[in-house]
Amino acid sequence: MHLAVFRAAFQVNWLLFDKMSSPSKRRDMDVMKLMMSDYSVETINDGISEFNVEFHGPKESLYEGGIWKVRVELPDAYPYKSPSIGFLNKIFHPNVDELSGSVCLDVINQSWSPMFDLLNVFEVFLPQLLLYPNPSDPLNGDAASLMMKDKEQYEQKVKEFCERYAKKECIVNDPTDESDEELSDEDFSDGRTDSDDDVAGHADPLANC
């Protein structure tokens, strides 16, 4: 769905939203909506600003059947500032950094609007990313190159990664539990260069899954 059309579809609901509501109230409401949905949400440090979400590959895509743990961190200014999103277990995709899990998605990194919420991220934005990769703007150059030069080989490698890294047993244990305190800021990335505070996935969290 084109971004302009998507914005228009949510305009009415956004106008009904109380513009005086504080970011913290909106954050609480959006996290609660996500927790009440069909997604498994795992909070970190007993807070709601940082959590993991179990995300399933969209149907009729190369990623169907895969399960990923996606790290989400909400900045203090959410929803006026976009959430940080990162895959914790590996995924082979032109627009996802293979090591950090950072996502290259304009609607999150550049075109975010407070009319969007967390359900949009998991029900629309991430599924669209997996359904329609953009090799012309890659974070994983190898995946982008392979997709353009040998699509059959690319599809095979995507499925191999899903089989090896995107199974239920790969996300049972939180890979950040024992290592968060030892990681520096350089170990985290959300694909934006103008924010030092946002956290996404960290390097190779489930390499031995």
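Just so you know, these numbers come straight off a predicted model, no measurement behind them. (Residues numbered from 1 in each chain as written. Predicted model: local features only at pLDDT ≥ 70, side-chain atom pairs only at ≥ 80, totals over all residues. Heavy atoms only, no water.)

**Q** Summarise the side chain of S82; cite the residues concerned and give the values.
**A** Structurally, S82 can be placed in the loop between β3 (67-73) and β4 (84-87). The class for S82 is buried, based on a relative accessible area of 4%. For S82, the side chain forms a polar contact with the main-chain oxygen of I108, separated by 2.9 Å. (Helix = DSSP H or I, 4+ residues; strand = E, 2+ residues; numbered from the N terminus. Buried < 20%, exposed > 50% of the residue type's maximum accessible area, 1.4 Å probe, protein only. Polar contact = N/O pair within 3.5 Å; in protein donor to acceptor, adjacent residues only side chain to side chain.)

**Q** Account for the pairing of β4, naming residues and giving values.
**A** Residues of β4 alternate between two faces, with S84 and G86 on one and I85 and F87 on the opposite face, all of them buried. Strand direction decides the pairing type here: β3 and β4, joined by 4 bridges, are antiparallel. Across the sheet, the residue bridging to V70 is F87, located in β4. (Pairing = 2+ DSSP bridges.)

**Q** Please give an account of the pattern of salt bridges that cites residues and values.
**A** Inspection of the entire model under this criterion finds 6 salt bridges. The closest approach of N and O atoms between R71 and E50, which form a salt bridge, is 2.1 Å. Residue R71 is found in strand β3, and its partner E50 is found in strand β2 (residues 50-56); the two are separated by 21 residues along the sequence. E50 shares its class with R71; the two are buried. (Salt bridge = Lys/Arg side-chain N within 4 Å of Asp/Glu carboxyl O.)

**Q** Could you give me a rundown of helix α2 (residues 23-35), with the residues and numbers involved?
**A** Over its 13 residues, α2 runs 18 Å from end to end, which matches the ideal 18 Å to within 8%, given 1.5 Å per residue. Looking only at α2, the buried set comprises R26, R27, D30, V31 and L34. The buried residues of α2 all sit within an arc of 130° when viewed along its axis, so they share a single face. (Expected span 1.5 Å × (residues − 1). Arc of directions from axis to C-beta.)

**Q** Tell me about the environment of Y154, and name the residues and values.
**A** With respect to the helices and strands, the residue Y154 is situated in helix α6 (residues 151-165). Relative accessible area serves as the criterion here: at 2%, Y154 is assigned to the buried category. The sequence separation of Y154 and H93 amounts to 61 residues, and the corresponding C-alpha distance is 9.3 Å. Once you skip the residues sitting within four places of it in the chain, Y154 turns out to touch L62, Y63, F92, P94, P133, A143, L146 and M147. (Contact = heavy atoms within 4.5 Å.)

**Q** Can you break down the nonpolar core residue by residue, with the values?
**A** Within the largest apolar cluster, 40 residues are counted, with the highest numbers of intra-cluster contacts made by V70, V72, F87, F122 and L126. Listing elements by their share of this core, those giving two or more residues are α2, β2, β3, β4, α3 (106-109), α4 (118-131), α5 (141-149) and α6. The element contributing the most residues to this core is α4, with 8 residues. Those residues in contact with V70 that sit more than four places away from it in its chain are F51, N52, V53, F55, I85, G86, F87, F122 and L126. (Core = buried A, V, L, I, M, F, W, Y, C linked by side-chain atoms within 4.5 Å.)

**Q** Lay out the pairing of β3 with the relevant residues and their values.
**A** Extensive coverage of β3 is indicated by the burial of 7 of its 7 residues. Across the two faces of β3 the burial is the same, with I67, K69, R71 and E73 and W68, V70 and V72 all buried.

**Q** So what about the packing of aromatic side chains? Which residues, and what values?
**A** This model, assessed by the stated rule, comprises 11 aromatic pairs. Relative to F87, the ring of F55 lies with its centre 6.4 Å away and its plane at 70°, an arrangement referred to as edge-to-face. Taken together, the positions of F55 in strand β2 and F87 in strand β4 put the pair 32 residues apart, joining distant regions of the chain. Its relative accessible area of 2% is what places F55 among the buried residues. Judged by its relative accessible area of 2%, F87 falls in the buried class. With 5.6 Å between their ring centres and 70° between their planes, W112 and F116 make a pair best called edge-to-face. Relative accessible area serves as the criterion here: at 12%, W112 is assigned to the buried category. (Phe/Tyr/Trp six-rings, centres within 6.5 Å; stacked < 30°, edge-to-face > 60°.)

Without other data, these values stay purely geometric and don't point to any function.
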